[in-house]
Amino acid sequence: MADYEDYKEEIGDVLYDYGRGLYANITNRCPCRCEFCIRDMTDSLGSADSLWLKREPTVEEVIAMLKEWDLNAYEELVFCGYGEPTERLDDLLAIASYVKENTDLSVRINTNGLSDLINGKETCPMLEGIIDSVSVSLNQSDAEKYTELCHPKFGPAAYDAMLKFTKDVQRYVPHVAMSIVGVIPVEDIEKCREIAAGLGVPFRVR
């Protein structure tokens with residue numbers, strides 16, 4: 001069986017430390033081209049040398065990698081990297097199911113909230129019993145500003161889809177929050193805070 005360094009050489013950094021979490025970088029695909037995206041600023045993050053993947057790892061490869069890590073050192077596994085995790089929703093849920101069945105880690109998805117548009121169906125019910133928390137990137141206070149900042153391939157419809165996802169996912173996932181980047185004007189930050197409050201979820205500026 002290959003060790004993690006072999007996988008890293010062949011595929012890239014799939015797992016990496018960041019804070020108190022273990023992060024899973026399973027895809028570089030994303031339907032947005034956000035102007036603030038960290039992947040346009042640096043290749044490395046946390047313990048990863050580069051989060052640009054040479055190819056996407058299979059479910060079996062990610063599970064094999066997880067078996068080599070001291071998972072007791074972490075509080076949660078977070079699906080987050082240089083792509084949108086729900087681009088590989090079925091694979092994400094297979095990996096998360098393994099983690100839930102074999103460890104005490106909680107499982108979080110950091111997402112742009114466009115899973116339904118990406119997958120062409122309602123996806124929130126699929127997360128029930130598998131995902132413990134979801135953090136949705138709100139990023140702006142209306143559809144026009146969001147489109148100008150994040151450039152989603154779905155156009156202005158992406159904003160309402162993201163808000164709907166945030167509302168719907170609360171029925172299936174215990175912990176849901178929204179975040180924004182601190183680069184937008186203060187007045188927009190406050191409007192975003194009100195939007196999150198209206199949806200009944202915690203809000204933070206990252």
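Summarised in this report is the structure supplied together with it. (Residues numbered from 1 in each chain as written. Predicted model: local features only at pLDDT ≥ 70, side-chain atom pairs only at ≥ 80, totals over all residues. Heavy atoms only, no water.)

## Here's the deal with the overall build of the protein chain
Right, so step 1: A tally of regular secondary structure across the protein chain gives 7 helices and 7 strands.
Right, so step 2: Order of helices (α) and strands (β) in the protein chain, N terminus to C terminus: α-β-β-α-β-α-β-α-β-α-α-β-α-β.
Right, so step 3: Whereas a compact globule of 206 residues would reach a radius of gyration of roughly 17 Å, the protein chain reaches 17 Å, a difference of no more than 12%.
Right, so step 4: Judged by the C-alpha coordinates and their principal axes, the protein chain covers about 50 × 35 × 30 Å.
Right, so step 5: For the protein chain, the proportion of its 206 residues judged to be buried stands at 53%. (Helix = DSSP H or I, 4+ residues; strand = E, 2+ residues; numbered from the N terminus. Rg over C-alpha atoms; globule rule 2.2 N^0.38 Å. Buried < 20%, exposed > 50% of the residue type's maximum accessible area, 1.4 Å probe, protein only.)

## Concerning helix α3 (residues 89-102)
Because an α-helix packs 3.6 residues into every turn, residues spaced three or four apart end up facing the same way.
Right, so step 1: Helix length check: α3, at 14 residues, gives a terminal C-alpha distance of 20 Å against a target of 20 Å (1.5 Å per residue), a fit within 8%.
Right, so step 2: Looking only at α3, the buried set comprises Leu-89, Leu-92, Leu-93, Ile-95, Ala-96, Tyr-98 and Val-99.
Right, so step 3: Those residues of α3 that are buried are in contact with α2 (59-68), β3 (76-79), β4 (106-111) and α4 (115-119). (Expected span 1.5 Å × (residues − 1). Contact = heavy atoms within 4.5 Å.)

## Digging into the nonpolar core
Right, so step 1: Core analysis: the biggest nonpolar cluster contains 62 residues, and Leu-15, Leu-66, Phe-79, Leu-127, Ile-131 and Met-162 have the highest contact counts within it.
Right, so step 2: The dominant element in this core, judged by the number of residues it contributes, is α3, at 7 residues.
Right, so step 3: Excluding residues that lie within four positions of it along the chain, Met-162 makes contacts with Asn-112, Gly-113, Leu-114, Val-136, Ser-137, Leu-138, Tyr-146 and Met-178.
Right, so step 4: Residues Tyr-23, Ala-48, Val-78 and Tyr-82 belong to the second largest nonpolar core, which totals 7 residues. (Core = buried A, V, L, I, M, F, W, Y, C linked by side-chain atoms within 4.5 Å.)

## Quick word on the sheet that holds strand β6 (residues 175-180)
Right, so step 1: With mixed pairing, the 7 strands of this open sheet are ordered in space as β1-β2-β3-β4-β5-β6-β7. For this open sheet the edge positions go to β1 (15-18) and β7 (203-205), each flanked by a neighbour on one side alone. Between one strand and the next, the sheet's axes are offset by a mean angle of 25°, whatever the strand orientation.
Right, so step 2: The pairing of strand β2 (residues 21-24) with β3 spans 4 bridges and is classified as parallel. (Pairing = 2+ DSSP bridges. Axes fitted to C-alpha atoms, helices over the stretch in contact; angles between N-to-C directions.)

## Observations regarding the pairing of β6
Right, so step 1: Note that strand β5 (residues 133-137) and β6 share 5 bridges and pair parallel. Across the sheet, the residue bridging to Val-136 is Met-178, located in β6.
Right, so step 2: For β6 and β7, the ladder comprises 3 bridges, and the chain directions are parallel. Looking at the pairing, Met-178 lines up with Phe-203 of β7.

## Considering a negative patch on the surface
Right, so step 1: Together, Asp-3, Glu-5, Asp-6, Glu-9 and Glu-68 line one region of the surface with negative charge.
Right, so step 2: Residue contributions to the negative patch peak at 3 residues, all from helix α1 (residues 4-10).
Right, so step 3: Tracing the chain through its elements places Glu-9 in helix α1. (Patch = residues over 30% accessible without salt bridge, like charges linked within 9 Å, V, L, I, M, F, W, Y side chains within 5 Å. Areas by Shrake-Rupley, 256 points an atom, 1.4 Å probe, with all protein chains shown as cover. Salt bridge = Lys/Arg side-chain N within 4 Å of Asp/Glu carboxyl O. Lys, Arg positive; Asp, Glu negative; His and termini not counted. Charge placed at Lys NZ, Arg CZ, Asp CG, Glu CD.)

## Considering the side chain of Ser-141
Right, so step 1: Tracing the chain through its elements places Ser-141 in the loop between β5 and α5 (143-150).
Right, so step 2: At 3.3 Å, the side chain of Ser-141 and the side chain of Gln-140 are in polar contact.
Right, so step 3: Those residues in contact with Ser-141 that sit more than four places away from it in its chain are Tyr-159, Asp-188, Lys-191, Cys-192 and Ile-195. (Polar contact = N/O pair within 3.5 Å; in protein donor to acceptor, adjacent residues only side chain to side chain.)

## Side note on the side chain of Thr-166
Right, so step 1: Along the chain, Thr-166 turns up in helix α6 (residues 157-169).
Right, so step 2: Look past the residues within four positions of Thr-166 in its chain and what remains in contact with it is Val-136, Val-176, Met-178, Leu-199 and Val-201.

## Re the pattern of salt bridges
Right, so step 1: Under the defined criterion, the tally for this structure stands at 14 salt bridges.
Right, so step 2: Where Arg-29 meets Glu-87, a salt bridge forms, and the shortest distance between an N and an O atom there is 3.9 Å. With Arg-29 in the loop between β2 and α2 and Glu-87 in the loop between β3 and α3, this pair connects stretches of sequence that are 58 residues apart.
Right, so step 3: A salt bridge links Lys-145 to Asp-188; the nearest nitrogen and oxygen atoms lie 2.7 Å apart.

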